[in-house]
Protein chains: 2
Amino acid sequence: MVKETGGRLLGDVLLDRSSDVPLHRQIYLQIRTHVLNGQLPGGARLSSTRTLTAELGVSRITIVNAFEELCAEGFLRSRAGDGTYVGEEWRSQFAAEPAPVRPVLSARASATTSARGSELTSHAPASWNPDDAESFVPSQVGVDAFPVRTWKRLLARHGERRDVDMLGYGDPFGHRPLREAIADYLNDARGIGATADQVVICSGAQQAFNALALLMVDSGDEVWMEDPGHIAARLAFLANGCTVRGIPIDDDGADLAAGAAVHKSGRLMFITPSRQHPLGVTMSLARRMEWIKWANENNSWIIEDDCDSELRYRGPLMPTLFGLDRSQHVIHVGTFSKIMFPSLRIGYAVLPTDLVEPFKAAVQVIGRTPSTLLQAVATDFIRDGHLHTHIRRTRRLYLARQDALLAALRDQLHPFIKAELVDAGMHVIGWLPENIDDQLLAAQLADRCIYTYALGDYYLKGGGRPALLIGFAATAEERLPQAVSHMVRALHHIGHRW
Amino acid sequence: MVKETGGRLLGDVLLDRSSDVPLHRQIYLQIRTHVLNGQLPGGARLSSTRTLTAELGVSRITIVNAFEELCAEGFLRSRAGDGTYVGEEWRSQFAAEPAPVRPVLSARASATTSARGSELTSHAPASWNPDDAESFVPSQVGVDAFPVRTWKRLLARHGERRDVDMLGYGDPFGHRPLREAIADYLNDARGIGATADQVVICSGAQQAFNALALLMVDSGDEVWMEDPGHIAARLAFLANGCTVRGIPIDDDGADLAAGAAVHKSGRLMFITPSRQHPLGVTMSLARRMEWIKWANENNSWIIEDDCDSELRYRGPLMPTLFGLDRSQHVIHVGTFSKIMFPSLRIGYAVLPTDLVEPFKAAVQVIGRTPSTLLQAVATDFIRDGHLHTHIRRTRRLYLARQDALLAALRDQLHPFIKAELVDAGMHVIGWLPENIDDQLLAAQLADRCIYTYALGDYYLKGGGRPALLIGFAATAEERLPQAVSHMVRALHHIGHRW
């Protein structure tokens with residue numbers, strides 16, 4: 001930028017005439033940057049608009065428009081009869097050497113974020129890649145089976161509505177017809193015995209866990225969780241400042257007596273009776289009654305995460321704690337992520353009557369209910385019978401995929417990995433030799449684009465037999481042998497032999 | 001239920017043959033209920049399936065199916081050669097008198113929820129009613145202007161995709177093309193100078209506030225907020241255990257010097273420079289620079305809620321704090337709730353580079369990014385130029401509605417309510433006589449279906465001149481005189497004269 005007696009010529013303003021950004025806007029943005037970084041110091045006089053018109057090869061109105069905006073925002077000052085100047089306040093403010101633009105300040109960031117924030121960041125999930133469809137990630141749904149034509153037709157049914165009901169903030173309890181459809185569905189499929197008034201819609205189960213934590217625990221309160229247990233729910237409780245206590249698992253599910261023997265009375269319990277996450281045990285009826293009795297006597301809340309109850313391949317679908325409980329201490333949480341698709345972002349909580357209003361308020365504080373359009377489409381998907389059909393189809397498909405995975409593991413990985421048929425869900429537990437560090441192994445496999453979860457990550461303090469959670473839902477039957485052979489090759493690479 | 005020597009006849013099992021629920025399921029559900037409520041006590045013997053077939057008028061296989069499920073779940077026991085019994089464990093458990101079904105337990109609920117939960121519940125938003133479109137609720141968008149045909153066409157473009165990218169959990173940073181579109185949009189419209197890598201998509205601005213609170217403050221930390229200020233953001237900080245300190249507002253916006261004179265150094269500041277929420281002041285450039293300097297010197301974070309910046313009717317659109325700041329202490333938060341529609345549930349945060357990963361992790365903990373389908377449709381809406389057109393159209397429409405509201409208030413309510421043109425946003429401030437309690441008045445009006453917000457609710461500790469926030473965005477110009485006359489009638493009813 002050459003300083004001329006007639007004022008700055010703005011020679012380093014570069015205009016891109018092929019850009020969608022109007023020329024006056026380009027001039028505005030660049031002058032602003034020059035003022036901000038000190039290239040155009042406070043008090044500097046600019047050339048006349050006439051001179052700049054010739055210099056930049058633009059019309060006078062373009063320059064005038066840019067200058068007017070810069071004056072309005074205080075970057076430039078226009079003095080009658082004396083042309084245009086950079087505002088005086090820019091003289092002192094940034095007169096020093098130009099600062100480095102957007103330096104990386106990670107040390108600062110970690111020093112000034114919260115303790116709980118730093119803790120959570122260390123648990124950040126692995127990078128996501130849409131091409132990982134063939135991985136063994138346990139939460140990966142088989143989206144190839146989803147009836148998208150039906151879905152699109154239902155979308156079209158509601159997509160053109162312009163009412164406040166559809167486009168406004170929406171019912172804070174969730175779209176009423178969906179709440180009714182869920183109550184009917186749960187009463188039919190799970191005998192849960194709840195009315196639509198007890199159902200509140202959330203943006204997925206994770207939002208429900210956060211809202212319940214907000215509602216029920218203060219910083220330092222104890223939450224009991226299965227150990228090994230649900231990682232995302234644990235992070236939500238830790239983020240809410242709770243102390244998480246582990247409850248061991250036996251063949252009947254979460255072992256209440258063992259937990260109660262060592263911990264103080266917890267205010268909130270989080271359990272997965274329908275399929276213990278991640279081990280896969282179904283909680284026995286007697287054990288269910290124990291938990292309910294205990295919650296009633298100790299005035300504690302139980303969150304029943306009804307994990308994968310629809311994806312059951314064998315054994316009875318047991319009654320829910322919510323349905324069994326007569327003392328109103330159970331909150332039942334479900335999601336459509338598994339039986340429709342994850343990106344739908346619709347989950348729900350079924351609550352004791354007197355918790356419905358407080359829970360709604362908590363959901364509003366942390367982020368409101370999901371898109372009404374998607375709630376309306378999900379309603380029709382349930383009401384028109386598509387959900388029922390899709391669940392039955394998915395169950396057959398996933399069972400076949402599980403069989404194919406188990407066969408491939410037996411053929412190619414025995415005895416390094418030993419896995420058995422699971423009754424429900426989307427992953428098997430692949431048990432490893434005792435001397436293997438499962439967390440290290442999962443990381444080594446991930447480096448080679450083989451994605452599994454280490455069972456060790458699910459334990460509060462590590463320990464437990466080493467194993468990998470190997471998902472089967474997202475990979476077609478006929479591709480599973482090859483996917484497993486990729487795993488074999490990776491394991492050989494890492495140095496394992498069997 | 002009559003006790004027969006041959007076993008219970010189940011005479012009070014009532015079958016609904018017109019129901020979609022299969023008969024075996026109806027029998028299952030009713031027997032289960034009878035066991036649970038003690039009507040069928042532990043050890044009771046049921047009649048033979050043959051007898052029950054005749055008694056209930058159903059096929060034998062129907063009874064067998066119901067019994068098998070009840071046996072599998074432990075409600076019934078089958079003894080070889082001796083028929084079917086209610087499980088012994090039900091004898092003691094619920095042998096007492098039948099408990100009242102689902103009693104209301106509000107006293108219990110309030111005694112066992114968290115302190116912060118009880119606090120939040122007292123701030124629960126007013127009940128929602130889709131017929132309130134004609135109300136003066138300040139956050140109500142004029143959805144009648146939204147181009148729903150275009151929207152439906154864009155929905156159809158993506159509605160049939162079955163890839164993991166579209167149906168799976170989605171990119172935890174948000175849909176990449178949307179992040180690029182937002183970066184381009186903000187660079188063009190607001191000169192913000194950020195890349196797509198600095199943009200993270202959230203389920204609305206409220207989720208962003210919660211994620212930032214999680215990331216930046218621990219329980220007891222101080223957050224500075226404008227007073228009066230953003231209610232929903234304040235609730236989010238309170239829910240996260242923070243102490244909120246008020247910063248007064250003057251003609252240049254949030255008065256940093258006045259705040260800094262009385263409070264300790266806050267870790268996090270929440271301000272609304274583009275249009276002070278709720279008073280409507282635009283922060284001056286000099287004040288903006290003060291805030292940035294202060295954050296840099298005190299190593300604090302500033303959340304810049306870029307509230308309604310697109311809905312500006314007069315005065316300059318000032319540069320963002322994010323764009324002005326070279327020290328990377330500003331997080332810029334925006335939403336599409338106002339310029340597309342609220343139920344879309346898409347907002348975003350633009351972050352200093354080193355905060356992007358931690359912020360993503362925090363969003364994952366509290367509830368993940370919104371539906372990928374809606375993110376993809378929003379991307380096209382921006383890229384294809386519809387957003388630009390819609391904003392221009394909305395601005396004209398809202399300005400006309402504001403003019404009509406102000407005229408009607410002048411004609412019908414002067415001098416009881418005095419309001420002036422606002423530069424930006426969707427509500428005017430209707431100043432009341434000094435002796436009026438605005439919170440009481442807003443409640444009295446709401447009882448008469450006239451919805452406004454009391455300015456007093458926006459103050460941390462009450463005080464301030466009494467006023468009502470009166471929204472104009474959702475009501476057609478020609479209907480505003482009548483809507484105001486309803487307000488006049490309600491005020492007369494309440495007993496006010498002028």
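Bear in mind the structure is a predicted one, so any value in this text is a computation, not a measurement.

Criteria and thresholds
- Residues numbered from 1 in each chain as written.
- Chains lettered and ligands numbered in written order.
- Predicted model: local features only at pLDDT ≥ 70, side-chain atom pairs only at ≥ 80, totals over all residues.
- Helix = DSSP H or I, 4+ residues; strand = E, 2+ residues; numbered from the N terminus.
- Contact = placed C-beta atoms within 7 Å.
- Pairing = 2+ DSSP bridges.
- Axes fitted to C-alpha atoms, helices over the stretch in contact; angles between N-to-C directions.
- Expected span 1.5 Å × (residues − 1).
- Buried ≥ 20, exposed ≤ 12 C-beta atoms within 10 Å, placed from the backbone.
- Nonpolar A, V, L, I, M, F, W, Y, C, P; charged D, E, K, R; others polar.
- Domains from an automatic or database assignment.
- Least-squares fit on C-alpha atoms with pLDDT ≥ 70 in both.
- pLDDT = per-residue confidence, 0-100.
- Parallel < 35°, antiparallel > 145°, perpendicular 65-115°, else oblique.
- Left-handed = near helix turned anticlockwise from the far one by under 90°.

A. Inspection of the overall build of chain A at higher detail. Of regular secondary structure, chain A possesses 19 helices and 15 strands. In chain A, of all internal contacts separated by at least 6 residues, the share reaching a separation of at least 24 is 72%.

B. Representation of the sheet that holds strand E2 (residues 76-79) of chain B. All names here are of chain B. Across the sheet, which stays open at both edges, the three strands sit in the order E1-E3-E2 with antiparallel pairing between neighbours. Both outer strands of the open sheet, strand E1 (45-46) and E2, are each paired with one neighbouring strand and no more. Across two bridges, the pairing between E1 and strand E3 (residues 83-86) is antiparallel. Considered in E3, the bridge of Arg-45 is made with Tyr-85. Sheet strands in contact with helix H3 (residues 60-72) are E2 and E3, and its direction is about 105 degrees off that of E2.

C. Broad picture of helix H17 (residues 386-413) of chain A. Residues and elements named next belong to chain A. In a regular helix each residue adds 1.5 Å, so 28 residues correspond to 40 Å; H17 covers 38 Å between its end C-alpha atoms and thus fits that length. Within the span of H17, buried status applies to Leu-387, Thr-394, Tyr-398, Arg-401, Gln-402, Ala-404, Leu-405, Ala-408, Leu-409 and Leu-413. Against the buried residues of H17 lie helix H16 (372-383), strand E13 (427-431), strand E15 (467-471) and helix H19 (480-494).

D. Just the interface of chain A and chain B, in detail. Of the residues lining the interface, 105 residues belong to chain A; the matching set on chain B comes to 106 residues. Along the lines of polarity and charge, the residues of the side of chain A that touches chain B split into 55 nonpolar, 28 polar and 22 charged.

E. Highlighting the domain arrangement of chain A. The assigned domain composition of chain A is domain 1 (1-104), domain 2 (147-384) and domain 3 (389-494). Using only C-alpha atoms to locate each centre, domain 1 of chain A and domain 2 of chain A end up separated by 57 Å.

F. Quick peek at the relation of the copies chain A and chain B. Superposition record for chain A on chain B: RMSD 0.1 Å, screw rotation 180 degrees, translation along axis 0.0 Å. Here the symmetry operator amounts to a two-fold rotation axis. Counting the interface residues of chain A, we find that 100% of their copies in chain B are interface residues as well, pointing to one common contact surface.

G. Region of the structure containing the confidence of the model for chain A. All names here are of chain A. Per-residue pLDDT for chain A averages 88, and the proportion of residues at 70 or more is 92%. Here helix H5 (residues 106-112) is the element of chain A with the lowest mean pLDDT, 59, and strand E12 (residues 347-350) is the one with the highest, 98. Considering only residues more than four positions removed or in separate chains, one finds that residues 94-105, a stretch of pLDDT under 50, has 14 contacts. Confidence estimates for the predicted assembly give a pTM of 0.86 and an ipTM of 0.85.

H. Expanded view of the environment of B:Phe67. Residues and elements named next belong to chain B. With respect to the secondary-structure elements, Phe-67 resides in helix H3. Residues Phe-67 and Thr-84, 17 residues apart in the sequence, show an inter-C-alpha distance of 8.3 Å. Those residues within four positions of Phe-67 in sequence are excluded, and the remaining contacts are Thr-49, Leu-76 and Thr-84.

I. The arrangement of the environment of A:Gly38 in detail. By the element assignment, A:Gly38 lies in the loop between helix H1 (23-36) and strand E1 (45-46). A:Gly38 sits 52 residues away from A:Trp90 along the chain, and the two C-alpha atoms are 7.8 Å apart.

J. The pairing of strand E12 (residues 347-350) of chain B, seen in detail. Residues and elements named next belong to chain B. Neither face of E12 is exposed, since Gly-347 and Ala-349 on one face and Tyr-348 and Val-350 on the opposite face are all buried. In this structure, strand E4 (residues 199-202) lies alongside E12, joined through four bridges in antiparallel fashion. From the neighbouring strand, Val-200 faces E12, where its bridge partner is Ala-349. The sheet contact formed by strand E11 (residues 330-335) and E12 spans four bridges and is antiparallel.

K. Looking closely at unusual backbone geometry. In this structure, the amide linkage connecting B:Asp227 to the following residue, B:Pro228, adopts the cis form with an omega of 5 degrees. Mapped onto the elements, B:Pro228 comes out in the loop between strand E5 (222-226) and helix H11 (231-239). The peptide bond linking B:His414 to B:Pro415 adopts the cis configuration, its omega dihedral lying at 0 degrees. Tracing the sequence through the fold places B:Pro415 in the loop between helix H17 (386-413) and strand E13 (427-431). Positioned with a positive phi, A:Cys449 is a non-glycine residue whose angle comes to about 60 degrees. Topologically, A:Cys449 is positioned in the loop between helix H18 (438-447) and strand E14 (453-454). The backbone phi angle of B:Asp308 is positive, close to 60 degrees, even though this residue is not glycine. Within the secondary structure, B:Asp308 is located in the loop between strand E10 (301-305) and helix H14 (321-324).

L. Fine view of the sheet that holds strand E10 (residues 301-305) of chain A. All names here are of chain A. Pairing within the open sheet is mixed, and its seven strands lie in the order E4-E12-E11-E10-E9-E5-E6. Two strands close off the open sheet at either side, each with one partner strand: strand E4 (199-202) and strand E6 (243-247). Averaged over all pairs of adjacent strands, the angle between strand axes in this sheet comes to 20 degrees, irrespective of strand direction. Pairing geometry for strand E5 (residues 222-226) and strand E9 (residues 268-271), over three bridges, is parallel. Along E9, the bridge assignment pairs Trp-224 with Met-269. Packing of helix H15 (residues 356-366) onto the sheet brings it into contact with E4 and E12, and relative to E4 it is tilted by some 10 degrees.

M. Here's a closer look at the packing of helix H10 (residues 204-216) of chain A against helix H11 (residues 231-239) of chain A. Residue and element names in this part refer to chain A. Direction vectors running N to C along H10 and H11 enclose 30 degrees, while the axes themselves pass 9 Å from each other. Here H10 lies roughly parallel to H11, going by the angle between them. The hand of the H10/H11 crossing is right-handed. Contacts between H10 and H11 pair Gln-206, Phe-209, Asn-210 and Ala-213 from the former with Ala-232, Ala-233, Ala-236 and Phe-237 from the latter. Of the residues assigned to the contact of H10 with H11, the class counts are six nonpolar, two polar and no charged.

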